[in-house]
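Results of the structural survey
Spelled out, the chains give:
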Number of protein chains: 2
Amino acid sequence: MKLKRTHYIGELDNTFIGKEIIISGWVLRRRDHGGVIFLDVRDRTGLLQVVFEEGIDPEIHNLADSIRIEYVISVKGLIRRRPPGMENPKIPTGEIELVAKEVEILNISKTPPFPMDEDLSEISEAIRLKYRYLEMRALDGLKPFIFRHKVNQIIREFLNSKGFLEIETPFLTKSTPEGARDYLVPSRLYPGKFYALPQSPQLFKQILMVAGVDKYYQIVRCFRDEDLRADRQPEFTQLDIEMSFVEENDVMSIVEELLAYLFEKALNITLETPFPRLSYETALRDYGTDRPDIRFDMKLKDLSHLFRETTFKVFRDALESGGIIKGLKVPANFSRKELDELTKFAQELGAKGLAWIKYNKNASSFEEKWSSPIVKFFEISILEKLEEVFNPLEDLATFFFVADKEDVVNSVLSELRIHLAKKINLVPENKFNFVWITDFPLFEWDEEENRLVSVHHPFTHPKEEDIPLLDTDPLKVKSKAYDIVLNGVEIGGGSIRIHKRELQEKIFKLLNIPLEEAQEKFGFLLTALEYGAPPHGGIAFGLDRLIMLMLGKKSIREVIPFPKTQRAQCLLTGAPSEVKIEQILELHLLPGWKKDKT
Amino acid sequence: MKLKRTHYIGELDNTFIGKEIIISGWVLRRRDHGGVIFLDVRDRTGLLQVVFEEGIDPEIHNLADSIRIEYVISVKGLIRRRPPGMENPKIPTGEIELVAKEVEILNISKTPPFPMDEDLSEISEAIRLKYRYLEMRALDGLKPFIFRHKVNQIIREFLNSKGFLEIETPFLTKSTPEGARDYLVPSRLYPGKFYALPQSPQLFKQILMVAGVDKYYQIVRCFRDEDLRADRQPEFTQLDIEMSFVEENDVMSIVEELLAYLFEKALNITLETPFPRLSYETALRDYGTDRPDIRFDMKLKDLSHLFRETTFKVFRDALESGGIIKGLKVPANFSRKELDELTKFAQELGAKGLAWIKYNKNASSFEEKWSSPIVKFFEISILEKLEEVFNPLEDLATFFFVADKEDVVNSVLSELRIHLAKKINLVPENKFNFVWITDFPLFEWDEEENRLVSVHHPFTHPKEEDIPLLDTDPLKVKSKAYDIVLNGVEIGGGSIRIHKRELQEKIFKLLNIPLEEAQEKFGFLLTALEYGAPPHGGIAFGLDRLIMLMLGKKSIREVIPFPKTQRAQCLLTGAPSEVKIEQILELHLLPGWKKDKT
């Protein structure tokens, strides 16, 4: 480099007028006005107009003339005030420009596959991921990653100030397939043995509590070889926290403090703490989900009791076969076409159908007030009770009903609730509503495996008062677990952990994990629990997801620098890829794949 | 927990006298003096004496009486001044004690496999690693990790203040086996394809420069499936740095500034900057190695010229077969037994023998002044020249000589130099001498592969002035690479990278990598270089190694929370381990191992 950068563009302002500087960067735009060449040059920090004037050395002019979009250049010149009327108030350097004296082309560039100075959201994601470096270099392309950098720093700053220690845990660790599927790493030195990439540092952070660390955190990559539905990634980043001598409230308070600090510092938004708390039961009752979006109300109502005596066959059948009926009131009316679409939406979610009643409070006739094909099945007293249940009622409203098994009713209506709220613009922008979900059941019954499985993980501590129920009615046992939900998205979860071997063994037994298997998989934890394990608990955040929500992005891929596709491929590097057969044999493995599976 | 901690022990001092507090922690020691029970209780922050006095509630006394070493307890009580004469000036809480009112046993503990209040360096590492959590909880056991936490924070603080962005790169990436052996991760979705764990984020950080990030860093885990000689780990942590629009000096300066900041903040040690720089050639000439320990002088001298005419067969033979003779002067005399041992040491390192001359400046006779079986072969003028070469000479000294091929001479004498310096206590304690090694050759010749290979990696930029030599004499080409060495240990290395596709392709060609293979492996980088890649360069530090040296530890295992053994095993969890056959089949792999290899 002949021309060494003296300043970042972001440093420049009117105080530089008259000064000679050198900038380096990329050419975003070029214009040629009768021999005068204008280049808009940018670096990470800003954008500056560079002018090659008419009188300039012809050699330099020719060089400048050869410069194209995205060339990498250094320019030496004098900062001057732009001529009157030529200012650009949209950029911080809009009142100045650089009059070039010398220019050096540091690298040329092919024409990018998409424009670099426009919104790229219309460009296919496949192209953007393949040329991720160009997407990042495009205007505002680095913003999510600069923000992410900031978020990491703020989180660390807070946790450091609270005495948390950042401690690194292994990536090549032991496969303990209780939970999602592990990514495996074959061992070369031990034929037939494998490391596993961590799904989370759960066991290590518990070990660190036994080690007396007291307060631990880590911003750490985790791995799950799952079938990639929805917005998931094979590798994702977790903010992992663990504390000793704590109860649920201690963890929840520090998290609230952390998030309030983060939102204040990163977004200048003041969060109200403590966050509301909903029991798992209440969340399911009122929202049909343990990930409720509480930015708007529209709670579900259990109407089973109300419709107990109805002659409407659909409702009666559902109730008689042990199901329930829940309803939802939306403060709007819909066209017949819309109602048909909503019915289809509900059916796609697994409902047999969707019943609805259009309501017009001030209508003069019954038919206009209660408009629906199913009204005829209901006595007026039932409709009046409906008015009561959904009180206060807007002038216009629509009631939706789903009658089915409880889990179907809940999953359909919870999705419908979100869908309808978006449809009628009931979801406020730029609002961040956190809610804790607590009092989860410790176990649920897995039909497929025909055994109890952990709702969170097998190290979750049961509520003290429910411990006797472990022997009598384990499905009734509640746990010391808590999830944190932001705007309807689960962004974190944690629990108080079991810290005594005896109880941990009992849980394994209830999960139908033979002691021998438990010993083989988790023996090191069981042993550690015998050597003075303190009471402890913690939480883990999906950091990608949190940052996505903070930025109002639609996908975590927007906030991960080099994400994989929904099919677990890296479009930039082409991973996963074939390797040499020698590499496979060295791992004592034989290729056994059928090519047609590819 | 009935007794919730109100204070960490480290917070307590004389100002707490008379106050009621609750502490939680582990029992380090217990003593019973005629019914009065003393417990030394510790948490991460300190140690406090707890007293259960005679008059206490018998129930509490009985509970206290049942408490054993490493039990986890909470104690509520009153802080009071210790009785005169009972103070312990060795600990910060030595003037106070906690008079217990209540106690809660939070967990019991088996007797630990080693003492918790003594130096554990005599305990076998295998036991310590198996019970790593107890080693950490033992007195001072967490110190290395608290220090490591601090180092991470200081590094980030510095780099953030300089505008570096912390950006995360993928762990599941593409196998590019140029360098060490990759750890592979079989893909479940793509039979026959594999991810590889990164040996370093090299390609991604270069891509980030093309993306306009300008300044990047990451504290990141890296993986190498190497044969684990010496003090290496399958996974290790790297401080990874990359910058755009820079030359060698820019990277070296910011690193010097970073290290000076780190040593000042973490160790209160002022480093002198800039660090000395040695060319690769000079380092080999003067120290026989590119990792010289410059805490002491004792340079090697090339004596080939001096001994050109000698009749001493060993020297003559070496010279005649194209070898060299180098010598080392040590300011001490050694016994015949010591000299025999040193000869053996040299032979184990690959020398045919070790010639030596004992020197006594003030001796009255020639035989006393020059004492050695080989002196008879040398004319007095040669010995006088030897005095000149090693001027200034101490009263007593010993010269050592190795005659052999250049690389044997260098490797033997460089090791001997360290060995002798330690032997005569010439290596100062607590001194941190950094040195840059520069001007490395770009290539070396690999006899085995019968081709040029990169001394650093294939992305290293050649010196501008040597680029013409690529076509004519590539082994003469020097690179823009630099290593940083601390006290004889390489702790980091980096380079200016190639930023133009044409040059990168030329290098691949010289490395005998067919364009098709280069395209297949590194195509994404080659493509990125076509879209406005800026000049860029960086460095990577072995953070484990740096922290080890800062703490004066002998092994990186001492500063890694959960290290693997030299044989790549985790003694805590037992990784790597066997997995279910279903897991292997799901990855489209067939077990092909021979059990006897285990």
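Predicted, not measured: the structure shown is a model, and the values here were computed from it.

1. Remarks on the sheet that holds strand β12 (residues 301-302) of chain A
Residue and element names in this part refer to chain A. In space, the five strands of this open sheet follow the order β12-β13-β16-β14-β15, with antiparallel pairing throughout. At either margin of the open sheet sits one strand with a lone partner, and together these are β12 and β15 (370-371). Sheet topology places strand β14 (residues 355-360) next to β15; two bridges connect them, and they run antiparallel. What sits directly across from K358, in β15, is S371.

2. Digging into the relation of the copies chain A and chain B
Mapping chain A onto chain B calls for a screw motion: a turn of 180° about the axis and a shift of 0.0 Å along it, with 0.1 Å RMSD after fitting. Given the turn and translation reported, the copies of this chain are related as if by a two-fold rotation axis. With an isologous cut-off of 70% or more, the 100% of interface residues of chain A that recur at the interface of chain B puts this contact in the isologous class.

3. Points about the domain arrangement of chain A
Structurally, chain A comprises domain 1 (9-107), domain 2 (145-277 + 434-559) and domain 3 (296-423). Here the C-alpha centroids of domain 1 of chain A and domain 3 of chain A sit 64 Å apart.

4. Regarding the sheet that holds strand β3 (residues 46-52) of chain A
Residues and elements named next belong to chain A. Taken in spatial order, the five strands close into a barrel running β1-β2-β3-β5-β4, and their pairing is mixed. Ignoring which end each strand starts from, the neighbouring axes of this sheet average 55° apart. With two bridges joining them, β3 and strand β5 (residues 96-107) adopt parallel strand pairing. Along β5, the bridge assignment pairs V50 with L98. The strands touched by helix α1 (residues 58-66) within the sheet are β1 (20-33), β2 (36-43), β3 and β5, with β5 carrying the most contacts at an inclination of about 75°.

5. Topic: the packing of helix α5 (residues 202-210) of chain A against helix α15 (residues 515-529) of chain A
Residues and elements named next belong to chain A. The interhelical angle for the contact between α5 and α15, taken along N-to-C directions, is 20°, at an axis separation of 10 Å. The angle between α5 and α15 places the two elements in the roughly parallel class. The chirality of how α5 crosses α15 is left-handed. Note on element contacts: α15 touches α5 through F522, F524, L525 and A528, opposite L203, Q206, I207 and V210.

6. Considerations on the side chain of D225 of chain B
Tracing the chain through its elements places D225 of chain B in the loop between β9 (215-223) and β10 (235-244). For D225 of chain B, the side chain forms a polar contact with the side chain of R188 of chain A, separated by 3.1 Å. Not counting chain neighbours up to four residues away, the residues in contact with D225 of chain B comprise R188 and L587 of chain A together with R181, D182 and Y183 of chain B.

7. Focus: the interface of chain A and chain B
Counting residues at the interface gives 126 residues for chain A, matched by 126 residues for chain B. Interface area for chain A against chain B, summed over the two sides, is near 11900 Å², with a carbon-plus-sulfur share of 58%. Area buried by chain A at its contact with chain B is led by E168, F245 and Y531 of chain A, which between them contribute 7% of it. Scanning the region where chain A abuts chain B turns up 18 salt bridges.

8. Digging into the confidence of the model for chain A
The predicted model of chain A has a mean per-residue pLDDT of 94, with 98% of residues at 70 or higher. Two numbers describe this predicted complex: its pTM, 0.95, and its ipTM, 0.95.

9. Some points on helix α1 (residues 58-65) of chain B
Residue and element names in this part refer to chain B. Taken together, the buried positions of α1 are occupied by I60, H61 and A64. The buried residues of α1 occupy an angular sector of 100° when the element is viewed end-on, so they sit on one face. Structural note: α1 exposes P58, E59 and N62 on the side pointing more than 90 degrees away from its buried face. In this structure, the buried side of α1 is in contact with β1 (20-33), β2 (36-43), β3 (46-52) and β5 (96-107).

10. Side note on unusual backbone geometry
Cis geometry is adopted by the peptide bond preceding P274 of chain B, which originates at T273 of chain B and carries an omega value of -5°. In this structure, P576 of chain B follows A575 of chain B across a cis peptide bond, with omega equal to 0°. Relative to the helices and strands, P576 of chain B resides in the loop between α16 (543-550) and α17 (581-586). The phi angle at E70 of chain A is positive, at roughly 70°, despite the residue not being glycine. Relative to the helices and strands, E70 of chain A is located in the loop between α1 and β4 (72-81).

11. Describing the pattern of salt bridges
A complete count under the given rule lists 116 salt bridges over all chains for this structure. With its nearest N and O atoms 3.2 Å apart, the salt bridge here joins E168 of chain A to R221 of chain B. In this pair, E168 of chain A is assigned in the loop between β6 (165-166) and β7 (184-186) and R221 of chain B in strand β9, connecting two distinct chains. One exposure class covers both E168 of chain A and R221 of chain B, and it is buried. If you follow the salt bridges from partner to partner, you end up with R148, R221, E235, D544 and K564 of chain A together with E168 of chain B in one network.

12. A few points about the environment of K174 of chain A
Relative to the elements of secondary structure, K174 of chain A occurs in the loop between β6 and β7. Overall, K174 of chain A belongs to the buried group, its relative accessible area being 10%. Taking the C-alpha atoms as reference points, K174 of chain A and A196 of chain A, separated by 22 residues in sequence, lie 5.2 Å from one another. When near neighbours in sequence (up to four residues on either side) are disregarded, K174 of chain A contacts A196, E520 and K521 of chain A together with T573, A575 and S577 of chain B. In terms of polar contacts, K174 of chain A uses its side chain to reach the backbone carbonyl oxygen of E520 of chain A, at 3.0 Å.

Criteria and thresholds
- Residues numbered from 1 in each chain as written.
- Chains lettered and ligands numbered in written order.
- Predicted model: local features only at pLDDT ≥ 70, side-chain atom pairs only at ≥ 80, totals over all residues.
- Heavy atoms only, no water.
- Pairing = 2+ DSSP bridges.
- Helix = DSSP H or I, 4+ residues; strand = E, 2+ residues; numbered from the N terminus.
- Least-squares fit on C-alpha atoms with pLDDT ≥ 70 in both.
- Contact = heavy atoms within 4.5 Å.
- Domains from an automatic or database assignment.
- Axes fitted to C-alpha atoms, helices over the stretch in contact; angles between N-to-C directions.
- Parallel < 35°, antiparallel > 145°, perpendicular 65-115°, else oblique.
- Left-handed = near helix turned anticlockwise from the far one by under 90°.
- Polar contact = N/O pair within 3.5 Å; in protein donor to acceptor, adjacent residues only side chain to side chain.
- Buried area = accessible area lost by both parts, 1.4 Å probe.
- Salt bridge = Lys/Arg side-chain N within 4 Å of Asp/Glu carboxyl O.
- pLDDT = per-residue confidence, 0-100.
- Buried < 20%, exposed > 50% of the residue type's maximum accessible area, 1.4 Å probe, protein only.
- Arc of directions from axis to C-beta.

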